[in-house]
Amino acid sequence: MGGSMKAPEKEILGTKMNHRHRPKITALVVDDNMVVRAIHHRLLQDLGIENQVAVNGKEAVDVHSSGQYFDLILMDMDMPVMNGIEATRKLRAMGIRSTIAGISSRSLEREKQEFMEAGLDDYHEKPLTADKIVSILHKISNHSG
């Protein structure tokens, strides 16, 4: 009963692995709302996932154009400069195969459908929770077979 603070990290994907054997998962949080960005950044960090942030879709595209790669992209739908739908289409057109999860406070079915058709792997309404992120992570582990 040593009370290790790291135990939840080791069981993110339902398997007990130590850090040396689990590949490091990286994520990009794309959201124009500073508070949402901070919350999602912290949730990922608390799950042991290295992550960076971008404030709009253009920044997300630019980061990938510079050669960076992320296992997971949390993409907000409504952002200035370039919205999440356009950014997702551009990333897919560039050949980016990361798991892209669309995040939005909107719940209109046709908007969700347009976002999904842009190339999303998953969609969640705000706010994200640790449980929702773990559910997205399961998709990554199943995706990377």
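For the structure itself, consult the block above.
Right, let's walk through the structure included here.

About the criteria used
- Residues numbered from 1 in each chain as written.
- Predicted model: local features only at pLDDT ≥ 70, side-chain atom pairs only at ≥ 80, totals over all residues.
- Heavy atoms only, no water.
- Helix = DSSP H or I, 4+ residues; strand = E, 2+ residues; numbered from the N terminus.
- Buried < 20%, exposed > 50% of the residue type's maximum accessible area, 1.4 Å probe, protein only.
- Contact = heavy atoms within 4.5 Å.
- Axes fitted to C-alpha atoms, helices over the stretch in contact; angles between N-to-C directions.
- Parallel < 35°, antiparallel > 145°, perpendicular 65-115°, else oblique.
- Left-handed = near helix turned anticlockwise from the far one by under 90°.
- Nonpolar A, V, L, I, M, F, W, Y, C, P; charged D, E, K, R; others polar.
- Salt bridge = Lys/Arg side-chain N within 4 Å of Asp/Glu carboxyl O.
- Core = buried A, V, L, I, M, F, W, Y, C linked by side-chain atoms within 4.5 Å.

Here we come to the side chain of Lys112. For Lys112, the location among the structural elements is in helix α5 (residues 109–117). Here Lys112 falls in the buried class, since its relative accessible area comes to 19%. Ignoring any residue separated from it by four or fewer positions in sequence, one finds Lys112 in contact with Ser107, Tyr123 and Glu125.

Two elements in contact, helix α3 (residues 57–65) and helix α4 (residues 84–93), have axes separated by 8 Å at closest approach and are oriented at 15 degrees. Between α3 and α4, the angle is such that the two are roughly parallel. In this structure, α3 crosses over α4, and the sense of that crossing is right-handed. Contacts from Gly57, Ala60, Val61 and His64 of α3 reach α4 at Ala87, Lys90 and Leu91. Of the residues in the contact of α3 with α4, the class split is four nonpolar, two polar and one charged.

Right, let's talk about the pattern of salt bridges for a bit. Oppositely charged side chains can form a pair if their charged atoms are brought close together. All chains considered together, the criterion is met by seven salt bridges. The salt bridge partner of Asp76 is Lys126, with a shortest N-O separation of 3.1 Å. Linking Asp76 in strand β3 (residues 72–76) with Lys126 in the loop between β5 (122–125) and α6 (130–143), this pair joins segments that are 50 residues apart in sequence. If you follow the salt bridges from partner to partner, you end up with Asp31, Asp76 and Lys126 in one network.

With that settled, consider the nonpolar core. The biggest cluster of nonpolar side chains holds 21 residues, and the ones touching the most others in it are Leu28, Val30, Ile73, Met75, Leu91, Ile100 and Phe115. For this core, the secondary-structure elements that each account for two or more residues are β1 (26–30), α3, β3 and α4. Excluding residues within four positions of it along the chain, Leu28 makes contact with Gln52, Val53, Ala54, Ala60, His64, Phe70, Leu72, Ile73 and Leu74. Counting 16 residues, the second largest nonpolar core, distinct from the first, contains Ala27, Leu44, Leu72 and Leu128.

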